[in-house]
Amino acid sequence: MKRCTITPRKDWREITQKQGLTYSRLPDGSDYWNESAYYALSKRDVETLDRATERLHNMCLAAGQYIIDNKRWRDLGIRGDVAPLIERTWIDEPPALYGRMDLAYNGNEEPKLLEYNADTPTALVEASVIQWYWLQDCFRRSDQFNSLHEKLVAKWRDLKNYVKAPVFFTHCDLEEDAMTVCYLRQTAEEAGIKTIGMLMSQLGYDAQQGCFVGFEGERAGTIFKLYPWEMMVKEMFWKNVLERFPEPQWIEPIWKMMWSNKALLAVLWEMYPNHENLLPAYLDGPREMVNFVKKPKLGREGANVSVYSSGIPVEETSGAYADSGWVYQATTASTKIGNKFAVIGSWEIADQGTAGIGIRESDHTIVGNTSAFVPHLIE
Amino acid sequence: MRKSRAIPLTLLSAAAMLSLSGCKSKQVTRCIDSQTGRVVTDDKCDHRETVLVGPPYPFYHWYYGGVGFFPGELAMQGSFNPAQDEVIVRASSPEGQDVIRGGFGHGFFGGGGA
């Protein structure tokens, strides 16, 4: 795996915006999409990432059962009124759609799991669509580790007889989230499922009918929400979720709270110590580690992360997630590729398997919300 | 590896267009007391002329988007002007229904993680 530089397409900004990347400008003024470089993977790299993602996904399935069997709710910071719903949905298996594992991998050793964005993953449009058309324009004869679109449509086709159409798609009032949900709606519509879009804050609850409703008071039977469960369980409508459970169907289901919590990393290390796709991770402190990352159990976009070298903090980010508890995970050299630090976002579509990757890179150890998305190809 | 067809460009163009227009959600409005920023019942705005009768002259406005939907709540992050080309819906219950809105969506401001 190597990083190569290239001259960007002259009108790349207009092209990518028309294709759906309407949120490329970052708050610091830099561009989120960076096609002045690309990553070249060998077929062996792709096979390695594919195999590791599937293996880790199966380990996470085992970890979910382990968390439930051992009632590790306190370690995950999950309340007593939430746990029964997690247990019930784990058994009933209501519809689930997708997740993105963040992996450290530079081709020199096995990929290492950094986290599993299993509840509200984004960076989807650029991984599925934008980098694919970049490949068509710049390296038409090359291939890409990317079957996201086909597998999303296939998954919706599988779900067509299980969801209650129209499926409501809800999100926060942010361009990236709106576009991500918009794209997901497109994949559902391509599978023949009618959809309705709205903000999460616009979702209604009809106390007379005892159901969540849309703008016109219509019953919402299936709700896709790009909105985290850990926030939903703190908000006013949570009591209505409890009252009406298991209606409506929520995608992702609430059991995803077990995977989207970084305490999962410590549970996995406890279950599979020294596994080649894991890094040492603990909940009670760094233990024997002197080179480690301290990160919040429920953090996002690299916020509230501290990097320690020889036991001393050398890099840290601010954020709003400092109250969710901490996970201490060993650092790895596998994110270093050339002069950059890169994280591989490896996509898993439920029951469809690994569906491709997106790569974000930074000049700093912590790959966060100002890190650029760089396309890739297979050599 | 991508094993089948390319993504139809029409789909992508539609997605981009939708992001900028049709796919954007409807905009919720509610009546607020502009002196306190707090939500009041819709009838205050429906019959606005009747409230300008004496000091301290509270003045009621429709407030679009943002957060805070229920009477007594502080409305913020929205605008006194509706967004163009968006359908406006009231946060309050339609007549004959018992619908409340805004029970989700206040605590998270995006970013794909967890």
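All of the points below concern the structure found in this document. (Residues numbered from 1 in each chain as written. Chains lettered and ligands numbered in written order. Predicted model: local features only at pLDDT ≥ 70, side-chain atom pairs only at ≥ 80, totals over all residues. Heavy atoms only, no water.)

## Let's talk about the overall build of chain A
Alright, step 1. If you tally the helices and strands in chain A, you get ten helices and 20 strands.
Alright, step 2. The C-alpha atoms of chain A give a radius of gyration of 20 Å, which matches the 21 Å a tight globule of 379 residues would have.
Alright, step 3. If you line up chain A on its principal axes, its C-alpha atoms span 60 × 50 × 35 Å.
Alright, step 4. The buried share among the 379 residues of chain A stands at 65%. (Helix = DSSP H or I, 4+ residues; strand = E, 2+ residues; numbered from the N terminus. Rg over C-alpha atoms; globule rule 2.2 N^0.38 Å. Buried < 20%, exposed > 50% of the residue type's maximum accessible area, 1.4 Å probe, protein only.)

## Quick word on the packing of aromatic side chains
Residues and elements named next belong to chain A.
Alright, step 1. Under the defined criterion, the tally for this structure stands at 25 aromatic pairs over all chains.
Alright, step 2. Relative to Phe373, the ring of Trp33 has its centre 5.9 Å away and its plane inclined at 15°; by these criteria the two rings are stacked. Of the two residues, Trp33 is situated in the loop between helix H1 (12–18) and strand E2 (37–41) and Phe373 in strand E19 (residues 372–374); the sequence distance between them amounts to 340 residues.
Alright, step 3. Measuring from centroid to centroid gives 5.2 Å for Tyr116 and Trp259, while their planes differ by 15°, and the two rings are stacked. Taken together, the positions of Tyr116 in strand E4 (residues 112–117) and Trp259 in the loop between strand E10 (249–251) and helix H10 (263–271) put the pair 143 residues apart, joining distant regions of the chain. (Phe/Tyr/Trp six-rings, centres within 6.5 Å; stacked < 30°, edge-to-face > 60°.)

## As for the sheet that holds strand E5 (residues 99–101) of chain B
Alright, step 1. Sheet architecture is open: three strands sit in the order E8(A)-E7(A)-E5(B), paired in antiparallel fashion. Two strands lie at the open edges of the sheet, namely strand E8 (211–213) of chain A together with E5 of chain B, each paired on one side alone. Between one strand axis and the next, the sheet turns by 35° as a mean value, whatever way the strands run.
Alright, step 2. As judged from the three bridges shared by strand E7 (residues 204–206) of chain A and E5 of chain B, these two strands associate in the antiparallel manner. (Pairing = 2+ DSSP bridges. Axes fitted to C-alpha atoms, helices over the stretch in contact; angles between N-to-C directions.)

## A short note on the nonpolar core
Alright, step 1. In this structure, Ile86, Phe212, Trp229, Trp250, Met258 and Trp259 of chain A together with Phe104 of chain B are the most contacted members of the largest nonpolar core, which totals 83 residues.
Alright, step 2. With eight residues, the single largest contributor to this core is helix H2 (residues 43–69) of chain A.
Alright, step 3. Setting aside its immediate chain neighbours within four residues, Phe104 of chain B contacts Met200, Ser201, Leu203, Phe212, Tyr227, Met232, Glu235, Phe237, Trp238, Val241 and Trp250 of chain A.
Alright, step 4. Core analysis: the second largest hydrophobic core is formed by 44 residues, Leu97, Ile130, Ala191 and Ile251 of chain A among them. (Core = buried A, V, L, I, M, F, W, Y, C linked by side-chain atoms within 4.5 Å. Contact = heavy atoms within 4.5 Å.)

## Concerning H2 of chain A
Alright, step 1. Given a rise of 1.5 Å per residue, 27 residues ought to cover 39 Å, and the 39 Å separating the end C-alpha atoms of H2 of chain A matches this to within 8%.
Alright, step 2. Where H2 of chain A terminates, the next one or two residues include Lys71 of chain A, which has phi positive at roughly 45°. (Expected span 1.5 Å × (residues − 1).)

## Details of the environment of Ile223 of chain A
Residues and elements named next belong to chain A.
Alright, step 1. Looking at where Ile223 falls in the secondary structure, it is placed in strand E9 (residues 222–226).
Alright, step 2. Along the backbone, Ile223 and Tyr98 are 125 residues apart, and their C-alpha atoms lie at a distance of 15 Å.
Alright, step 3. In this view, Ile223 contacts Phe168, Thr170, Leu203, Phe212, Pro248, Gln249, Trp250 and Ile251; residues no more than four positions away in its chain are not counted.

## Thoughts on the pairing of strand E14 (residues 312–316) of chain A
All names here are of chain A.
Alright, step 1. Counting buried residues along E14, only zero of its five residues qualify, which leaves the element largely exposed.
Alright, step 2. In this structure, strand E13 (residues 306–309) lies alongside E14, joined through four bridges in antiparallel fashion. Among the inter-strand pairings, Tyr308 is bridged to a residue of E14, identified as Pro313.
Alright, step 3. Hairpin geometry of E13 and E14 is characterised by an intervening segment of two residues between the two adjacent antiparallel strands and by a positive phi of about 50° at Ser310.

## Considering the pattern of salt bridges
All names here are of chain A.
Alright, step 1. Applying the stated criterion across every chain yields a total of 24 salt bridges over all chains.
Alright, step 2. The salt bridge partner of Glu379 is Lys2, with a shortest N-O separation of 3.3 Å. In this pair, Glu379 is assigned in the segment after strand E20 (376–378) and Lys2 in strand E1 (residues 2–5), connecting sequence segments 377 residues apart.
Alright, step 3. Linked through salt bridges whose partners overlap, the residues forming this network are Arg51, Arg55, Glu110 and Glu276. (Salt bridge = Lys/Arg side-chain N within 4 Å of Asp/Glu carboxyl O.)

## Focus: the packing of helix H5 (residues 124–138) of chain A against helix H7 (residues 175–190) of chain A
Residue and element names in this part refer to chain A.
Alright, step 1. Running from N to C, H5 and H7 point in directions that differ by 60°, and their axes come no closer than 9 Å. With respect to their mutual orientation, H5 and H7 come out oblique. Two packed elements cross with a definite hand, and for H5 against H7 that hand is left-handed. Residues Leu124, Val125, Glu126, Ser128 and Val129 of H5 lie in contact with H7, whose contacting residues are Glu176, Met179, Thr180, Tyr183 and Leu184.
Alright, step 2. Grouping the constituent residues of the contact of H5 with H7 by class yields six nonpolar, two polar and two charged. (Parallel < 35°, antiparallel > 145°, perpendicular 65-115°, else oblique. Left-handed = near helix turned anticlockwise from the far one by under 90°. Nonpolar A, V, L, I, M, F, W, Y, C, P; charged D, E, K, R; others polar.)

## Side note on the sheet that holds strand E5 (residues 167–171) of chain A
Residue and element names in this part refer to chain A.
Alright, step 1. Pairing is parallel across the open sheet formed by four strands, whose spatial order is E6-E5-E9-E10. Edge positions in the sheet fall to strand E6 (195–199) and E10, since each has one partner strand and no second. If you compare each strand with its neighbour and ignore which way they point, the axes differ by 25° on average.
Alright, step 2. Here E9 pairs with E10 via three bridges, running parallel. Within E10, the position partnered with Ile223 by the bridge is Trp250.
Alright, step 3. With respect to the sheet, H7 is in contact with E5, E6 and E9, its orientation differing from that of E5 by roughly 165°.

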